[in-house]
Amino acid sequence: NFTIRAADSSTGAGAPFTASQSYSLTVTAPTITLAPASLPAASGGTAYSQTITASGGNGGYTYSLSAGALPPGIALSSAGVVSGTPTTTGSYNFTVTATDGFGFSGSQAYTFTVNAPTITISPATLPAATGSIAYNQTLTATGGNGGYTFSLLSGALPPGISLSSAGVVSGTPTTTGSYNFTVKATDGFGFSGNQAYTVTVGAPAIVFTRTTLPGGQVAVAYSQTVSATGGSGSFTYSLSTGALPPGIALSSAGVISGTPTTAGNFTFTITATDSFGFTGTQPYTV
C-alpha cells in the first residue's frame, strides 16, 4: 500500500496546490512450469540423459532436487540435466524445483522407473560334441553395460567340458549322452540374463586303417601291426572275439606276431580302445 501526492508548480505567494491518491499494488509470483511433465523410463546399466526446462519466469533458471531421491547412478545438474547410468531397478519419486533469476520458483514431481536390461546370450544353441575330440565354443552377451561374467546357473555340462567366466565352453568330452544346462551372463552392474542349452555328445568313429591281414605259413615267423584313427588317438588293442592262430599273439600296441604252428583259417575281432574308453572293432580272417 502506498500514496502518491501531486503538487502544482505555482509560484504565487501561497502554497502550491496539491492532490494525493492512495494505492494498493499486489505483486504475484510468476507461474513457473517445468517440462516435460514426466520422464521416460531408464534401463539399468545403460547411459541415460534427459533435460528439464522451465518457462514462466525471467529465465536464467537453476534446477535442484527439492524432495525425494534420484535412482542410484543418476544425478541432476543445476542446468536441469538428469543423467548418468542407473545401477538399481525400481520406481523412484522425487521433485525438481526451478528457480529463476529473481528467486521465484516452480516445482514438478516425477516418478522415475528403472527397468532391468534385457541381456541376451548368443548363440541360442550349441553344436553337438564328439567324445575324445576337443570342443571349443564361445558365448557372448549383449543388452547390458558390458564386462560380462558367465557362470553355470543350473544343470550339468558334459563330463570333461567346463565353462570359463569369459564364456568359453571347452574341453574334451569323455562320456556320451545329452546334457541340459543353463548359462547366466552378469554385467558390470549385476544385471543378468540366462540361456538354456542342450549339448549332445556322440561316440567317436574309431576306424582301423587296414581291414585285411596277409596270410602266414606254419613254422615261419609272422608280424603285422594294426592301427586305428579317430577318438583320442592313443589306443590299446585287444582280442574281443574269435581266436588267433596257435603260436600267434596280439600285443596291446597292436602288433600281431609269433610263429604259427597250425595251418587253417582263423577268424577273430580286434578292439581298439582310446584313452577315454571309446572303442572301435575290426574283424579279420588269417
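Structure's up top.
Remember, predicted model here, so these are calculated numbers, not experimental data. (Residues numbered from 1 in each chain as written. Predicted model: local features only at pLDDT ≥ 70, side-chain atom pairs only at ≥ 80, totals over all residues. Heavy atoms only, no water.)

### Focus: the overall build of the chain
Here comes step 1: Helix and strand content of the chain: 0 helices and 28 strands.
Here comes step 2: Relative to a compact globule of 286 residues, whose C-alpha radius of gyration would be 19 Å, the chain shows 44 Å and is clearly more extended.
Here comes step 3: With respect to the principal axes defined by its C-alpha atoms, the chain has extents near 170 × 30 × 20 Å.
Here comes step 4: In the chain, which comprises 286 residues, the proportion classed as buried is 32%. (Helix = DSSP H or I, 4+ residues; strand = E, 2+ residues; numbered from the N terminus. Rg over C-alpha atoms; globule rule 2.2 N^0.38 Å. Buried < 20%, exposed > 50% of the residue type's maximum accessible area, 1.4 Å probe, protein only.)

### As for the pairing of strand β1 (residues 2-7)
A regular strand places its side chains on the two faces of the sheet in alternate fashion.
Here comes step 1: Of all 6 residues in β1, 0 are buried; the element is thus mostly exposed.
Here comes step 2: With 6 bridges connecting them, β1 and strand β2 (residues 18-23) associate as antiparallel partners. Bridged to Ala-7 within β2 is Thr-18. (Pairing = 2+ DSSP bridges.)

### Here's the deal with the nonpolar core
Nonpolar side chains in soluble globular proteins generally cluster together in the buried interior.
Here comes step 1: By size, the foremost hydrophobic cluster in this structure holds 21 residues, and its most contacted members are Leu-139, Phe-150 and Val-183.
Here comes step 2: Those elements that provide at least two residues to this core are β17 (161-163), β19 (177-186) and β20 (192-202).
Here comes step 3: Looking at this core, the element that brings in the most residues is β19, giving 4 residues.
Here comes step 4: With 19 residues, the next largest nonpolar core counts Tyr-61, Val-82, Tyr-92 and Phe-94 among its residues. (Core = buried A, V, L, I, M, F, W, Y, C linked by side-chain atoms within 4.5 Å.)

### Description of unusual backbone geometry
Glycine aside, the phi torsion of most residues is negative, and most peptide linkages are trans.
Here comes step 1: In this model, Ala-35 is joined to Pro-36 through a cis peptide bond whose omega is 0 degrees.
Here comes step 2: In this fold, Pro-36 is placed in the loop between β3 (33-35) and β4 (42-43).
Here comes step 3: Despite not being glycine, Ser-132 has its phi angle at roughly 75 degrees, a positive value.
Here comes step 4: Take Ser-132: it is sitting in the loop between β13 (129-130) and β14 (135-138).
Here comes step 5: We note that Ala-219 has phi near 70 degrees; this positive angle belongs to a residue other than glycine.
Here comes step 6: Along the chain, the position of Ala-219 falls in the loop between β21 (207-208) and β22 (222-225).

### A closer look at the sheet that holds β17
Here comes step 1: The 3 strands are arranged β14-β18-β17 in an open sheet whose pairing can be described as antiparallel. Strands at the two margins of the open sheet, each flanked by one partner only, are β14 and β17. Neighbour-to-neighbour, the strand axes of this sheet turn through a mean angle of 15 degrees, independent of strand direction.
Here comes step 2: Note that β17 and strand β18 (residues 168-171) share 3 bridges and pair antiparallel. What sits directly across from Ser-162, in β18, is Ser-170. (Axes fitted to C-alpha atoms, helices over the stretch in contact; angles between N-to-C directions.)

### With respect to the sheet that holds β22
The pairing of strands in a sheet happens through backbone hydrogen bonds and is either parallel or antiparallel.
Here comes step 1: Spatially, 3 strands are ordered β22-β26-β25 in an open sheet, and the strand pairing comes out antiparallel. At either margin of the open sheet sits one strand with a lone partner, and together these are β22 and β25 (248-250). The average angle at which neighbouring strand axes cross in this sheet is 15 degrees, direction not considered.
Here comes step 2: Pairing analysis gives 4 bridges linking β22 to strand β26 (residues 255-258), with the strands arranged antiparallel. Paired with Tyr-222 across the two strands is Gly-258, which belongs to β26.

### Let's talk about the environment of Asp-8
Here comes step 1: Summarising the element assignment, Asp-8 is placed in the loop between β1 and β2.
Here comes step 2: Among the residues examined, Asp-8 registers a relative accessible area of 32% and is labelled partly exposed.
Here comes step 3: Between the alpha carbons of Asp-8 and Tyr-237 there is a distance of 134 Å; along the sequence they are 229 residues apart.
Here comes step 4: Dropping the residues within four chain positions of it, Asp-8 is found in contact with Pro-16 and Phe-17. (Contact = heavy atoms within 4.5 Å.)

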